[in-house]
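# Commentary on secondary and tertiary structure
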Amino acid sequence: MTTLGLIGLGRIGAFHADTLTNLPEVSGLVVTDERPDVVSAVAAKYGATPTDSVEKLLSSGIDGVVVAAATPAHAELTLAAVERGLPTFCEKPIAASAVESARVADIIARSGVPVQVGYQRRFDAAFAAVKNAVDGGSLGPLHTVRSTTMDPAPPPMDYIAGSGGIFRDCAVHDFDVIRWVTGQEVVEVYATGSVQGDPLFTEYGDVDTAAVVVRFDGGALGVVSAARYNGRGYDCRLEVHGFDDTVVAGWDQGAPVRNADPANSGASGFPSGIPHHFFMDRFTEAFRTELSEFVKVVQGGPVRGATVADAVEVAWIAEAAAESLRTGAPVRIDAVKEATK
């Protein structure tokens, strides 16, 4: 059995507390957060052990760590756990910038401590089936990939202020999954975006709607779209088109779209289920599988999810997209890397 530490008890941290305490292979959970009242409430609700500091949590005899704190703290907390030799799961991103991500990745690589990064779509059954279809060769050469993420409403504006922007906070999931599914590296992006909702997005140098055209080293093209306003629900879909076949993920009965085809509309049409409300209900099982796989990492198994190296490449794509949005021109990934040397 395995005892884990959980750092950060906000929206995703509290959700992970629920998931972890319901994994049969987890025998104990130690939790901490900057807010003592939240620590007490979460510990009481899930039967976890509360502690009032990260240092005490890391010294409590745990076997591994889950970092679910705010993005700016990810690098420091992950490295603190790694320095103790503790296998670590860090929610995306691994650090606030691509440069910092690369620095953190170098330290982790030299430590030899396993670290898994939280890109849960890799563990969703439909996304995994798409990956298997591509790897099996049934699609033939790939020519187009489309990935969509649209939230029903923006997160709180104080979260947006420190999120790093829509490409680093939201579209990174799309960037990760298109790399993973295609097995190809992104070489160039062209990004555009707009603010049509809360004017604070502009004040924070962000956009609420964005689109990115991606060029892969294997010749395929990608289109990533992201939006903070999608009143019908949480929309997350993937389409992969090859010369011989097409495969999709996210077209389930809970897809938050209204089918305008008269032959497929209404209660008996498609989709006919309750629309997905948020990423946590859409990916409940994926999160559970992801954290279950991390427990196997803690117990000595390999990292089967996103690695730190994956997270660094995704960070460079997000960096390039942000630069493209700023300049209005296509940006090569190698040019962004070179500019930081």
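Residues numbered from 1 in each chain as written. Predicted model: local features only at pLDDT ≥ 70, side-chain atom pairs only at ≥ 80, totals over all residues. Heavy atoms only, no water.

## Re the domain arrangement of the protein
As a reminder of what qualifies: Either an automatic procedure or a domain database provided the assignment from which the domain bounds are taken. Working rule for contacts: check all heavy atoms of both residues, and any pair within 4.5 Å makes them a contact. Summed over both partners, buried area is the accessible surface (1.4 Å probe) that two parts give up on being assembled. Just to be clear on terms, a salt bridge is a Lys or Arg side-chain nitrogen sitting within 4 Å of an Asp or Glu carboxyl oxygen.
Its domain assignment divides the protein into domain 1 (2-121 + 286-306) and domain 2 (125-278 + 314-336). For domain 1 versus domain 2, the separation of C-alpha centres amounts to 26 Å. The interface is formed by 13 residues belonging to domain 1 together with 22 residues belonging to domain 2. When the two sides are added together, the surface that domain 1 and domain 2 hide from each other amounts to roughly 1,400 Å², 56% of it contributed by carbon and sulfur. On the surface where domain 1 and domain 2 come into contact, there are two salt bridges.

## A short note on the pairing of strand S2 (residues 26-32)
This is how the line gets drawn: Think of it in three bands: residues with accessible area under 20% of the maximum for their type are buried, residues over 50% are exposed, and the middle band is partly exposed, with areas taken using a 1.4 Å probe on protein chains only. The secondary structure listing takes helices from DSSP runs of H or I that are at least 4 residues long and strands from runs of E that are at least 2 residues long, numbered from the N terminus. Any two strands with at least two DSSP-identified bridges between them are counted as paired. Crossovers are marked right-handed if the path from the first strand over the helix to the second runs clockwise, as seen with the strands pointing away from the viewer.
Burial analysis of S2 places six of its seven residues in the buried class, the great majority of the element. Note that strand S1 (residues 2-7) and S2 share six bridges and pair parallel. Bridging from a neighbouring strand, Leu6 pairs with Val31 of S2. The β-α-β motif built from S1, the intervening helix H1 (residues 11-21) and the parallel element S2 has right-handed crossover chirality. Inspection of the sheet shows S2 paired to strand S3 (residues 49-50) by two bridges, in the parallel sense. In the sheet register, Val30 faces S3, and the bridge partner there is Thr49.

## Some thoughts on helix H13 (residues 308-327)
Rules: For a helix, the expected span equals 1.5 Å multiplied by the number of residues minus one.
End to end, H13 covers 29 Å across 20 residues, agreeing with the expected 28 Å (1.5 Å per residue, within 8%). Taking burial as the measure, the 20 residues of H13 include 14 buried ones, the bulk of the element.

## A short note on the nonpolar core
Filter applied, for reference: In these notes, a set of buried Ala, Val, Leu, Ile, Met, Phe, Trp, Tyr and Cys residues joined through side-chain atoms within 4.5 Å is what counts as a nonpolar core.
By size, the foremost hydrophobic cluster in this structure holds 105 residues, and its most contacted members are Ile94, Phe167, Phe175, Val189, Leu238 and Val240. The leading source of residues in this core is H13, at 11 residues.

## Concerning the side chain of Arg179
Its location among the elements puts Arg179 in helix H9 (residues 172-182). Under the relative-accessibility criterion, Arg179 is labelled buried at 10%. Not counting residues within four places of it along the chain, the set of residues in contact with Arg179 comprises Gln184, Glu185, Val186, Asp310, Glu313, Val314 and Ile317.

## Structural notes on the pairing of S1
Burial of S1 is extensive: five of the six residues sit out of reach of the surface. Across four bridges, the pairing between S1 and strand S4 (residues 64-67) is parallel. Opposite Leu4, over in S4, you have Gly64 as the bridge partner.

## Observations concerning the UniProt feature "domain: Gfo/Idh/MocA-like oxidoreductase N-terminal" (unreviewed entry) in the protein
Quick note on the threshold: UniProt positions are given in the numbering used here, feature names are shortened, and annotations may be inferred rather than shown by experiment.
The sites that UniProt annotates as "domain: Gfo/Idh/MocA-like oxidoreductase N-terminal" (unreviewed entry) are residues 4-119. A helix fraction of 44% and a strand fraction of 22% characterise residues 4-119, whose end C-alpha atoms lie 19 Å from each other.

## Observations regarding the sheet that holds strand S6 (residues 115-118)
The test is simple: Think of each axis as a best-fit line through the C-alpha atoms, taken over the contacting stretch in the case of a helix, with angles from 0 to 180 degrees between the N-to-C directions.
Pairing is parallel across the open sheet formed by six strands, whose spatial order is S3-S2-S1-S4-S5-S6. Looking at the sheet topology across the chains shown, the edges are occupied by S3 and S6. One ladder, built from three bridges, connects S4 with strand S5 (residues 88-91); its direction is parallel. Bridging from a neighbouring strand, Val65 pairs with Thr88 of S5. The sheet contacts of helix H12 (residues 284-298) involve S1, S2, S4, S5 and S6, and relative to S6 the element is tilted by about 170°.

## Brief notes about the packing of aromatic side chains
The condition that has to hold: A pair of aromatic rings is counted whenever rings of Phe, Tyr or Trp (Trp by its six-membered ring) have centres within 6.5 Å, and the orientation is called stacked for planes under 30 degrees apart, edge-to-face for over 60 and tilted otherwise. Counted as over-ring charges are cases with an Arg CZ or a Lys NZ within 6 Å of the ring centre that also lie within 35 degrees of the ring normal.
If you walk through the whole model with that rule in mind, you get eight aromatic pairs. For the pair Phe278 and Phe279, a centre-to-centre distance of 4.7 Å together with 55° between the ring planes defines the contact as tilted. Pair check on accessibility: Phe278 and Phe279 agree, each one buried. Ring pairs connect the aromatic residues Phe15, Phe127, Tyr234, Phe278, Phe279, Phe283 and Phe287, which therefore count as one cluster. The ring centre of Tyr159 lies 5.7 Å from the NZ or CZ of Arg11, which sits over that ring. Directly above the aromatic system of Phe283 lies the positively charged group of Arg282, at a separation of 4.4 Å from the ring centroid.

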